[in-house]
Amino acid sequence: MCHFFQSPLNKTKKLIGDAGISFTNAFVASPLCCPSRASILTGKYPHNHRVINNTIEGNCSSKAWQKSEEGQTFPALLKAYAGYQTFFAGKYLNQYGHSDAGGVEHVPPGWSYWVGLEKNSKYYNYTLSVNGKAQKHGANYSKDYLTDVLDKHWLIRQAKTPMTNSSVQFLDDAFRKRWRTLLSVDDLVEKIVTRLEVRGELDNTYIFFTSDNGYHTGQFSLPLDKRQLYEFDIRVPLMVRGPNIKPNQTSQVLVANVDLGPTVLDIAGYSVNKTQMDGMSFLPIMGKMNSSSWRTDILVEYEGEGSNVSDPACPLLGPGVSECFPDCVCEDSYNNTYACVRTVAPSANLQYCEFDDNEVFVEVYNVTADPYQLTNIAKTIEQEVLEKMNRRLMMLQSCSGQSCRTPGVYDSRYKFNPHQMFIGHSWRLNRLRQTMK
């Protein structure tokens, strides 16, 4: 399905992308909100921060997460060790504000001023935690539309199956509505840039624009969601402007959301080597560093969700599926559990994925020749390439901190050494597979 609309983010592109650098190969470590946001905050892959889905049971904003990870997020480090004042406004983690996660009274460490949305995305009839105090909003557009309310807080603080025609119309309408919400985001970016300029602080400020995951609206006959390993769910925009970043730059280096925390800390003068983060700082890339020494691959992980009982509307599907639409097309299942190596190098633009199912099913795509990922070449690609990707996947799935930043498959310095692996992670995809099946 193709949609032809004018981009609703023209102001954002002009004020951030055209004024700085745009990364054309930016990806997320997991194509689902809470695991991805946890990766942004911690700079870690999901197998290290242990957030596997959007539920409390999946460690999303749980007490265990708060105890093990929240105190070591990049804003906590910025505030504790670099003396920064920090401000947060918007959606945090999907279960934030849940009674089992401390309610809206809980303010995560590291934030000087906190405006957190209770639980998941809502534009009306929601509750905000304003420095730990509940602030309820209704359905009045002029007073309650979430993006505009967040702007006011910032201002105060600154002072594959064919679809039916009806399904196509449903998806087109959903796509238009999602794009319309971006108009207010575009306006918000413009207001922030203008305020910084008026205060004389724009040239001394770094501004990042990105997302926590992609989204599909009909691709491969999947209705509305994310969670899948394909480009439309794992690829995100990334634009940055700031001091010493020349305008109108485009970079093709491979970056991931685990790199955001290390980069912000690097800007503040705090070394990622002092942390347990898996990502790398791309601050040098935005300056003058030769990108030839940059890594060539990153890890994407996801653990599928399913129900233990059959969906009453779709009894023939049996248990194990979830997020099912009325026509019994389901967005997720237990066996939608996978890990991928996404490689971007001068000699290769590949995606290699293994599923944690009975078959250990493998998908491989040459994204240059097949940008829409229509042809799985796992059974036709050279065996040497398969073995390299399999070994790199094993290494990345068991990496932690510095070992996650080692050179990639297509770097001549890379030598696979099984003795360097970290063994013992509980995340169930960490099964080291020595042979291809």
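About the cut-offs
- Residues numbered from 1 in each chain as written.
- Predicted model: local features only at pLDDT ≥ 70, side-chain atom pairs only at ≥ 80, totals over all residues.
- Heavy atoms only, no water.
- Helix = DSSP H or I, 4+ residues; strand = E, 2+ residues; numbered from the N terminus.
- Buried < 20%, exposed > 50% of the residue type's maximum accessible area, 1.4 Å probe, protein only.
- Areas by Shrake-Rupley, 256 points an atom, 1.4 Å probe, with all protein chains shown as cover.
- Pairing = 2+ DSSP bridges.
- Axes fitted to C-alpha atoms, helices over the stretch in contact; angles between N-to-C directions.
- Disulfide = S-S within 2.5 Å.
- UniProt positions renumbered as here; feature names shortened; annotations may be inferred.
- Contact = heavy atoms within 4.5 Å.
- Salt bridge = Lys/Arg side-chain N within 4 Å of Asp/Glu carboxyl O.
- Phe/Tyr/Trp six-rings, centres within 6.5 Å; stacked < 30°, edge-to-face > 60°.
- pLDDT = per-residue confidence, 0-100.
- Polar contact = N/O pair within 3.5 Å; in protein donor to acceptor, adjacent residues only side chain to side chain.

## Structural notes on the overall build of the protein
- When helices and strands are counted, the protein shows 12 helices and 16 strands.
- Classification of the 437 residues of the protein by burial places 55% in the buried group.
- Accessible surface, the protein as shown: approximately 20,700 Å² in total, 52% of it carbon and sulfur.

## Looking at the sheet that holds strand β15 (residues 348-355)
- As summarised here, the arrangement of the 4 strands in space is β11-β14-β15-β16, forming an open sheet in which the pairing is antiparallel. Looking at the sheet topology across the chains shown, the edges are occupied by β11 (297-302) and β16 (362-366). Each adjacent strand pair in this sheet contributes to an overall mean axis angle of 15°, direction not counted.

## Some words on the state of the cysteines
- Counted by the stated rule, this structure contains 5 disulfides.
- The disulfide partner of Cys 34 is Cys 60, and the S-S distance across this bridge is 2.1 Å. On the sign convention where negative means left-handed, the S-S torsion of about 95° between Cys 34 and Cys 60 marks this disulfide as right-handed. Of this pair, Cys 34 sits in helix α2 (residues 33-42) while Cys 60 sits in the loop between α3 (46-49) and α4 (63-68), and the two are 26 residues apart along the sequence. Judged on exposure class, the residue Cys 34 and its partner Cys 60 are both buried.

## Observations regarding the UniProt feature "modified residue: 3-oxoalanine (Cys)" (unreviewed entry) in the protein
- Within this structure's numbering, the places UniProt gives as "modified residue: 3-oxoalanine (Cys)" (unreviewed entry) are Cys 33.
- Within the secondary structure layout, Cys 33 lies in helix α2.

## Structural notes on the side chain of Gln 95
- Along the chain, Gln 95 turns up in the loop between β2 (87-91) and β3 (113-117).
- Gln 95 sits in the buried class, given a relative accessible area of 17%.
- Other than its neighbours up to four places away in sequence, Gln 95 contacts Asn 54, Thr 55, Ile 56, Cys 60, Ser 61 and Ala 101.

## Quick notes on the pattern of salt bridges
- Per the stated rule, a full pass over the model turns up 18 salt bridges.
- Between Arg 199 and Glu 201 there is a salt bridge; the shortest N-O distance is 3.6 Å.
- The exposure class of Arg 199 is partly exposed, given its relative accessible area of 45%.
- For the salt bridge of Asp 332 with Arg 227, the shortest nitrogen-to-oxygen distance reads 3.2 Å. Within this pair, whereas Asp 332 is found in strand β13 (residues 330-333), its partner Arg 227 is found in the loop between β8 (224-225) and α9 (231-234), the two being separated by 105 residues in sequence.
- If you follow the salt bridges from partner to partner, you end up with Asp 225, Arg 227, Glu 305, Glu 323 and Asp 332 in one network.

## Focus on the packing of aromatic side chains
- Across all of its chains, the model carries 22 aromatic pairs by this definition.
- Centroid distance Phe 88 to Trp 114: 4.7 Å. Interplanar angle 15°. Geometry classified as stacked. Highlighted residues: Phe 88 in strand β2 and Trp 114 in strand β3, separated in sequence by 26 residues. Grouping residues by exposure puts Phe 88 and Trp 114 together as buried.

## Overview of unusual backbone geometry
- Residue Asn 244 is not a glycine yet carries a positive backbone phi of 65°.
- With respect to the helices, strands and loops of the structure, Asn 244 is situated in the loop between β9 (238-241) and β10 (249-256).
- Given the relative accessible area of 73%, Asn 244 is considered exposed.
- Unusually for a residue other than glycine, Asn 248 sits at a positive phi of about 60°.
- Topologically, Asn 248 is positioned in the loop between β9 and β10.
- By relative accessible area, which is 60% here, Asn 248 ends up exposed.

## As for the confidence of the model for the protein
- Averaged over all residues, the pLDDT of the protein equals 87, while 88% of them reach at least 70.
- In the model, residues 1-5 has pLDDT below 50 throughout and makes 12 contacts with residues more than four positions away in sequence or in other chains.
- Low pLDDT, under 50, characterises residues 416-437; the predicted model gives this stretch 57 contacts beyond four residues in sequence or across chains.

## Regarding the side chain of His 137
- Tracing the backbone shows His 137 in the loop between β5 (133-136) and α6 (141-144).
- On the accessibility criterion, His 137 (15% relative accessible area) is buried.
- At 2.8 Å, the side chain of His 137 and the side chain of Gln 135 are in polar contact.
- Excluding its chain neighbours within four sequence positions, the residues that come into contact with His 137 are Asn 125, Tyr 126, Leu 128, Lys 143, Asp 144 and Val 149.

## As for the environment of Ser 322
- As for its placement among the helices and strands, Ser 322 is situated in strand β12 (residues 321-324).
- Residue classification places Ser 322 among the buried residues on the basis of a relative accessible area of 14%.
- Taking the C-alpha atoms as reference points, Ser 322 and Asp 311, 11 residues apart in sequence, are found 8.0 Å from one another.
- With residues near it in sequence (within four places) discarded, Ser 322 still touches Glu 305, Gly 306, Ser 307, Cys 330, Glu 331 and Asp 332.
- A polar contact is formed between the side chain of Ser 322 and the backbone oxygen of Glu 305, at a distance of 2.9 Å.

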